[in-house]
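# A look at the structure
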Amino acid sequence: MDDVKKPGKIRNIAELAKIAGVSAGTVSRALADKSLVNKETRERIQALAREHGFRPNQMARRLRTQQTGVIGVVIPLGHERRQHISDPFFMTLFGYLADELTESGHDLMLSRVIPGDDEWLDRIVDSGMLDGALVIGQSNQFDVIERVAKHYRPLVVWGSYREGQVQCTVGVDNAAGGALATRRLLARGAKRLAFFGDTNGPEIAERLRGVERAIAGLSDVSLANFPTHLASDEMASQITAHLDSLAGEVDGIVCASDIIAMTTIRILHERGVTVPDDVAVTGFDDLPLAARMVPQLTTVKQDIAEGARAMVDALRRRIAGEDAPSTVMQPELVARESA
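Conventions and cut-offs
- All residue numbers here refer to positions counted from 1 along the written sequence of the relevant chain.
- Only residues with pLDDT of at least 70 are given local features in this predicted model, and only at 80 or more are side-chain atom pairs given and counted; all residues enter the totals for whole chains, interfaces and linings.
- Side-chain numbers here rest on the full set of heavy atoms in the structure, without hydrogens or water.
- A run of H or I in DSSP becomes a helix once it reaches four residues, and a run of E becomes a strand once it reaches two; helices and strands are each numbered from the N terminus.
- Note that the radius of gyration is over C-alpha atoms, with the globule rule given as 2.2 Å times the number of residues to the power 0.38.
- For every residue, the accessible area (1.4 Å probe, protein chains only) is compared with the maximum for its type, and the residue is labelled buried under 20%, exposed over 50%, or partly exposed between those bounds.
- All accessibility values rest on the Shrake-Rupley procedure with a 1.4 Å probe; residue burial counts only the protein chains present in the view.
- His is not counted, nor are the chain ends; Lys and Arg add positive charge and Asp and Glu add negative charge.
- For this purpose, a charge sits on NZ of Lys, CZ of Arg, CG of Asp or CD of Glu.
- Should DSSP find at least two bridges between two strands, the strands are regarded as paired.
- Axes here refer to lines fitted to C-alpha atoms; in helices the fit is confined to the stretch in contact. Angles between the N-to-C directions go from 0 to 180 degrees.

## Some points on the overall build of the protein chain
Helix and strand counts for the protein chain come out as 12 helices and 12 strands. The globule rule puts the C-alpha radius of gyration for 339 residues at 20 Å, and the 26 Å found for the protein chain is more than 25% above it. By its C-alpha atoms, the protein chain is 85 × 55 × 35 Å across when sized along the principal axes. Expressed as a percentage of its 339 residues, the buried residues of the protein chain come to 51%. For the protein chain, the exposed surface amounts to about 16,600 Å²; the carbon and sulfur share of it is 49%. With 40 positive and 46 negative side-chain charges, the protein chain shows a spacing of 8 Å between the two charge centroids.

## Some thoughts on the sheet that holds strand β9 (residues 280-285)
By way of backbone hydrogen bonds, the strands of a sheet pair with one another, either parallel or antiparallel. If you trace the 6 strands from one edge of the open sheet to the other, you get β7-β6-β8-β9-β10-β12, paired in mixed fashion. Looking along the sheet, the strands with just one partner apiece sit at the ends: β7 (222-226) and β12 (332-334). Recorded for the sheet is a direction-independent mean angle of 20° between the axes of neighbouring strands. Judged from the 3 bridges that link them, strand β10 (residues 298-301) and β12 form a sheet pairing that is antiparallel.

## Here's the deal with the sheet that holds strand β5 (residues 168-172)
Strand order in the open sheet made by the 6 strands is β2-β1-β3-β4-β5-β11, with parallel pairing throughout. In this open sheet, the two edge strands, each paired with only one partner strand, are β2 (107-113) and β11 (327-329). Strand-to-strand, the axes of this sheet are offset by a mean angle of 15°, without reference to chain direction. Summarising the sheet, strand β4 (residues 155-158) and β5 pair through 3 bridges and their orientation is parallel.

## Considerations on the environment of Arg 309
For Arg 309, the location among the structural elements is in helix α12 (residues 304-319). Residue classification places Arg 309 among the partly exposed residues on the basis of a relative accessible area of 38%. Residues Arg 309 and Lys 9 lie 300 residues apart in sequence; the distance between their C-alpha atoms is 40 Å.

Quick look at the structure:
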C-alpha cells in the first residue's frame, strides 16, 4: 500500500498566501479572524493553515501590534505580609479573573508582592511585559497605587473607593456591608459587640466604620475592636486571645472576613459556646465555603464574580484608550444560621 503524502509544513505567512492565492495581509487578517476578510475566505485560509501545520509567530505579531497579550494580576501584601495566595478570597477572585481573561485571549502573569519600597508597582507596569494590570486589594499601598495610576492608565484595582481618587477601583460599599452585619446582630438582641479585623487595610477600616455608624446613638450597645490578621498562621491564636480578653462578655461578633468568622466559630465550639444561641457571628465575602460549614455562615455578600467581570471590562476599555470609571457594588446580607 502506497504511503499517503502529507502536506508540506509551511514556514511563514508568505508561503501560505501563495498557496491560498491571496495577499500576505489577507492571510494575516484571516488568521486573526478579522471581519475585514469575508467569512468564506477566512475559513478557507484557516483550514489551509491547519492542513499545513502553520501557526503564526505570536512574538512577531506582538511586536507589530506593540501588545504582549499578557495581563498582570498583582497581590500586594503591605500590612499582611504573611498572608498566602492560597487564601480562599484571593483564589476565588483570581479564578473568576482568570476565566474572564483567558476567554478573551489573554495570558496571565501572577505576582505576590511584599512591598519593600515605593517603586514596586512602577517596576511591574514599566517592565514592558504587560498590556495592563489588575491589582487585588489596596493593602496599605493606596498612595503608591494612586501615584502610578496618574501616568499608567491600563490599571484596575479591587478595593475601596475614595472621593476624588485617580485610580479605577471595583469593590463593594464596605461601610454599608459593615452596617448590614451589625443590624442583623442588633435585630437578634445582641448588645455586647466585638469587631475582629485588621483596619490597616482601607476595605476593613470601612467595614468597621459601618459597624460604628450602625450603633451610633445606641447607649445600651457596646463595641470592642480587636485587630485580627488575615494570615492563617496568626489568626487562630489572635482570636483565642480576643475571646480570652472578652471573658464571655460578648453576644455578637462582626468578623471582617468569612475566614475570620469560620475560625471564630470553630474556637467558640471548642470552648462549648453555642453559635448563634450564646454568641451570634457574621462574616464578610460570602465565599462558597460559607454555605457548607456548620452552622452555615450568615455573611455579607460582595459579588466576586460580577466584580471580576467589571474589573476586566474596565481594563479592556482602558487598554483601548477609553475612560472607565470606578464601580461601587452594593452589599447584600445573606442570612443563614450563625446569626
